[in-house]
Amino acid sequence: MYPLILKKLIQTLAQLPGLGEKSATRICMFLLSKPELCETLSELIKELPFKLKLCKLCRNLSEDEFCFICKDSSRNREILCIVENPISVFNIESLKIYNGLYFVLHYLLSPKEGIGPKELGLDFLFYLIKVKDVKEVIIALSPTVNGEITASYILENLKNIPVKVTKIACGIPMGMDLQFVDPLTLKKALQGREILQGK
Ligand SMILES: [Zn+2]
């Protein structure tokens, strides 16, 4: 039997995605020999919810009111890429082929789970596209059922706005979560996006 504090830590760590009790135990044993790491980790984790907020424009994670991408004056403000989460922003940024802005939904529409347009900030997205004079909207969502529902909803609502709408498509298998797509496939999907509206 493990001492109580160790047992509690194992149980807590085991709640993290991808970690079962075995991996949690291994991490705990490792941490026992690293007091400095324990201190740094605990400080960072404690600060996390207070230091991070959503960028007021694109809803990406940021320490300031506006994220570093929205603040960067060299970015092309006429292109807006709609992604599900900050991991997608990170993955697309790593490709170094995209210079536009983003909009992070954080969720996908899911009528079953009661997740609607409000949770995704869609009214604000449509407002932004109108007032910021966006020329192209790229829909870069996972080709899953909820990803497709969300993409259709967005497309439907952009019908009366004179903006080009494209969607990343080629090479990504149906049902696959975008965050697990390898960089080369993601690059091809972004470069070879299909036009859904406009020229
Ligand atoms: Zn931003």
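Residues numbered from 1 in each chain as written. Predicted model: local features only at pLDDT ≥ 70, side-chain atom pairs only at ≥ 80, totals over all residues.

(A) Just the sheet that holds strand E4 (residues 100-104), in detail. One open sheet holds the five strands; their spatial order is E4-E3-E5-E6-E7, and the pairing between them is mixed. For this open sheet the edge positions go to E4 and strand E7 (194-197), each flanked by a neighbour on one side alone. Each neighbouring strand pair of the sheet contributes to a mean axis angle of 30°, computed without reference to strand direction. Pairing between strand E3 (residues 76-83) and E4: five bridges, direction parallel. When the bridges of E4 are listed, Val83 appears paired with Val104. (Pairing = 2+ DSSP bridges. Helix = DSSP H or I, 4+ residues; strand = E, 2+ residues; numbered from the N terminus. Axes fitted to C-alpha atoms, helices over the stretch in contact; angles between N-to-C directions.)

(B) Geometry of helix H5 (residues 86-95). Taken residue by residue, H5 has Pro86, Ser88, Val89, Asn91 and Ile92 as its buried positions. If you follow the buried residues of H5, they end up packed against strand E2 (61-62), E3, E4, strand E5 (136-140) and helix H9 (183-191). Of the residues trailing H5, Lys96 is marked for its positive phi of about 60°. (Buried ≥ 20, exposed ≤ 12 C-beta atoms within 10 Å, placed from the backbone. Contact = placed C-beta atoms within 7 Å.)

(C) A look at the packing of helix H1 (residues 4-13) against helix H2 (residues 21-32). As a packed pair, H1 and H2 sit with axes 8 Å apart at the nearest point and diverge in direction by 130°. Put simply, H1 runs oblique to H2. H2 is crossed by H1, and the crossing has right-handed handedness. In contact with Leu6, Leu9, Ile10 and Leu13 of H1, H2 contributes Glu21, Ala24, Thr25, Ile27 and Cys28. Looking at the contact of H1 with H2 residue by residue, the class counts come to seven nonpolar, one polar and one charged. (Parallel < 35°, antiparallel > 145°, perpendicular 65-115°, else oblique. Left-handed = near helix turned anticlockwise from the far one by under 90°. Nonpolar A, V, L, I, M, F, W, Y, C, P; charged D, E, K, R; others polar.)

(D) Representation of the domain arrangement of the protein chain in the model. Considered domain by domain, the protein chain is made up of domain 1 (4-51) and domain 2 (72-197). Placing the centre of domain 1 and that of domain 2 at their C-alpha centroids yields a distance of 34 Å. (Domains from an automatic or database assignment.)

(E) Just the environment of Leu190, in detail. For Leu190, the location among the structural elements is in helix H9. Along the sequence, Leu190 and Asn91 sit 99 residues apart, while their C-alpha atoms lie 12 Å from each other. Among all residues touching Leu190, those that are not within four sequence positions of it are Ile92, Ile97, Tyr98 and Ile168.

(F) Fine view of the packing of H5 against H9. Packing of H5 against H9 brings their axes to within 10 Å, and their N-to-C directions diverge by 85°. Taken together, H5 and H9 sit at an angle that is classed as roughly perpendicular. Contacts between H5 and H9 involve Asn91, Ile92, Ser94 and Leu95 from the first element and Pro183, Leu186, Lys187 and Leu190 from the second. Looking at the contact of H5 with H9 residue by residue, the class counts come to five nonpolar, two polar and one charged.

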